[in-house]
Amino acid sequence: MSFPDRRKKILNALHQAGSLSVIELSEKLAISPATIRRDLHDIAGEGLLLRTHGGAMKIENPILTGFTEKIGANEVKKEQIGKCAAEHVHDGDIIFMDCGSTVFKMCTYLKTKNNIRVITNSLPILAELIDVPAIQINLIGGELDKHRKAIHGAKAVQHIDSYHAHKAFVGVDGISAENGLTAHTENESAITSAFARNAGEVFLLCDSSKIGKDSYFKFGDLSMIKYLVTDKELNAAQKEGLTGAGLIITAGE
């Protein structure tokens, strides 16, 4: 059984019971106690449960901690992309991070960096990094989008325009050589555009399922970004079209 499958089962069991010990989870799910302990550690790191002595309990209000509705959606690819993107962050960097679930995956790997500053509109990123001493956080102000667990709106854009970052890490709903960058909403695209124009380098993080696809709102040309961080399933024709437009493409393992 894969980790995403085990995670779903563990979270479902905790949702029903409230709290369970490692032994109870092991017996209920037919998974070894050693694997359960390892999985609980990893899931707690994503902010989706609380570890207790000998077990775990569900989070009553997960609004600040994770994307429960997206569990299992290209999870392995997102993890690899997040790890690859974090390798471009160096000690002392100032970085923008948007509210996408793939950008969120960078958090685990940023915790080993020293003296970095994160400017973000994402509440889950805030919750994940708030207790890391070597990371300073600048939370963007504005109107809360409860579904996205993020700050959007004109005030948020004004906030971003007050700062400059070495690098921006952003996501999109679609990217193609023909139509550039697209998003589901104007709110999301406004934040992405603000990050891009105020950063020295822009990294777009997206799995290959979004490449060659166009979403509702076209908001930028490919010249807006410099690097595309994706997975190894990007096909040759798509890669050729994007590199021909000037993008530098890196892929997670």
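Shown above is the structure to which this text applies.
First, a word on what this report is: a plain description of the structure on this page. (Residues numbered from 1 in each chain as written. Predicted model: local features only at pLDDT ≥ 70, side-chain atom pairs only at ≥ 80, totals over all residues. Heavy atoms only, no water.)

Observations concerning the nonpolar core
- If you look at the biggest cluster of nonpolar residues, it comprises 31 residues, and the most contacted ones within it are Phe96, Ile175, Leu181, Phe195, Leu204, Leu228 and Leu242.
- Those elements that place two or more of their residues in this core are α8 (154–160), β9 (165–170), β11 (180–183), α9 (186–197) and β12 (199–205).
- The greatest single-element share of this core, amounting to four residues, is contributed by α9. (Core = buried A, V, L, I, M, F, W, Y, C linked by side-chain atoms within 4.5 Å. Buried < 20%, exposed > 50% of the residue type's maximum accessible area, 1.4 Å probe, protein only. Helix = DSSP H or I, 4+ residues; strand = E, 2+ residues; numbered from the N terminus.)

A few points about the environment of leucine 29
- Looking at the element boundaries, leucine 29 is found in helix α2 (residues 22–29).
- When residues no more than four places from it in sequence are discounted, the contact partners of leucine 29 are Lys9 and Ile10. (Contact = heavy atoms within 4.5 Å.)

Concerning the sheet that holds strand β14 (residues 227–230)
- With parallel pairing, the seven strands of this open sheet are ordered in space as β6-β5-β4-β9-β12-β14-β15. Bordering the open sheet on either side are β6 (135–139) and β15 (248–251), each of which pairs with just one other strand. Within the sheet, the average angular offset between the axes of one strand and its neighbour, ignoring direction, is 25°.
- The pairing of β9 with β12 spans five bridges and is classified as parallel. Within β12, the position partnered with alanine 165 by the bridge is alanine 199.
- The strands touched by α9 are β4 (94–97), β5 (116–120), β9 and β12; relative to β12, the strand with the most contacts, the crossing angle is about 140°. (Pairing = 2+ DSSP bridges. Axes fitted to C-alpha atoms, helices over the stretch in contact; angles between N-to-C directions.)

Section: the pairing of β6
- As paired strands, β5 and β6 are joined by five bridges and run parallel to one another. Each bridged residue has a counterpart across the sheet, and for arginine 117 the counterpart in β6 is glutamine 136.
- Note on the crossover from β5 through helix α7 (residues 123–129) to β6: the handedness is right-handed. (Right-handed = clockwise from strand over helix to strand, strands pointing away.)

Overview of the sheet that holds strand β10 (residues 174–176)
- Strand order in the open sheet made by the three strands is β10-β11-β13, with antiparallel pairing throughout. Looking at the sheet topology across the chains shown, the edges are occupied by β10 and β13 (217–220). For this sheet, the mean inter-axis angle between neighbouring strands, taken without regard to orientation, is 35°.
- Here β10 pairs with β11 via three bridges, running antiparallel. The partner of glycine 174 across the bridge, within β11, is threonine 182.
- Against the sheet, α9 makes contact with β11 and β13, and its axis sits at roughly 10° relative to β13, the strand it touches most.

Re the state of the cysteines
- Across all of its chains, the model carries zero disulfides by this definition.
- The thiol of cysteine 84 is unpaired, and the distance to the nearest cysteine sulfur, on cysteine 206, comes to 12 Å.
- The cysteine cysteine 99 is free of any disulfide, with cysteine 107 supplying the nearest cysteine sulfur at 12 Å.
- Accessibility expressed as a relative area gives 5% for cysteine 99, which makes it buried. (Disulfide = S-S within 2.5 Å.)

Here's the deal with the packing of helix α1 (residues 3–17) against helix α3 (residues 33–45)
- Direction vectors running N to C along α1 and α3 enclose 85°, while the axes themselves pass 11 Å from each other. With respect to α3, the element α1 is oriented roughly perpendicular. Contact with α1, carried on its side by Phe3, Arg6, Arg7, Ile10 and Leu11, involves Thr35, Ile36, Arg38, Asp39, Leu40, Asp42 and Ile43 of α3 and no other residues of that element.
- Classifying every residue of the contact of α1 with α3 by side-chain character gives six nonpolar, one polar and five charged. (Parallel < 35°, antiparallel > 145°, perpendicular 65-115°, else oblique. Nonpolar A, V, L, I, M, F, W, Y, C, P; charged D, E, K, R; others polar.)

Structural notes on the packing of α2 against α3
- Across the interface, α2 lies against α3 with an axial gap of 9 Å and an inter-helix angle of 115°. Classed by the angle they form, the pair α2 and α3 counts as roughly perpendicular. α3 is crossed by α2, and the crossing has right-handed handedness. Judged by residue contacts, Val22, Ile23, Leu25 and Ser26 of α2 engage Pro33, Ile36, Arg37 and Leu40 from α3.
- For the contact of α2 with α3, a count of residues per class yields six nonpolar, one polar and one charged. (Left-handed = near helix turned anticlockwise from the far one by under 90°.)

Comments concerning unusual backbone geometry
- For alanine 30, which is not glycine, the phi torsion reads 60° and is therefore positive.
- Residue placement: alanine 30 occurs in the loop between α2 and α3.
- Even without being glycine, lysine 149 reaches a positive phi, approximately 55°.

Focus on the side chain of arginine 148
- Within the fold, arginine 148 resides in the loop between β7 (143–145) and β8 (150–152).
- Assessed through its relative accessible area of 18%, arginine 148 is described here as buried.
- Among the polar contacts made by the side chain of arginine 148, one reaches the side chain of glutamate 188 at a distance of 3.3 Å. (Polar contact = N/O pair within 3.5 Å; in protein donor to acceptor, adjacent residues only side chain to side chain.)

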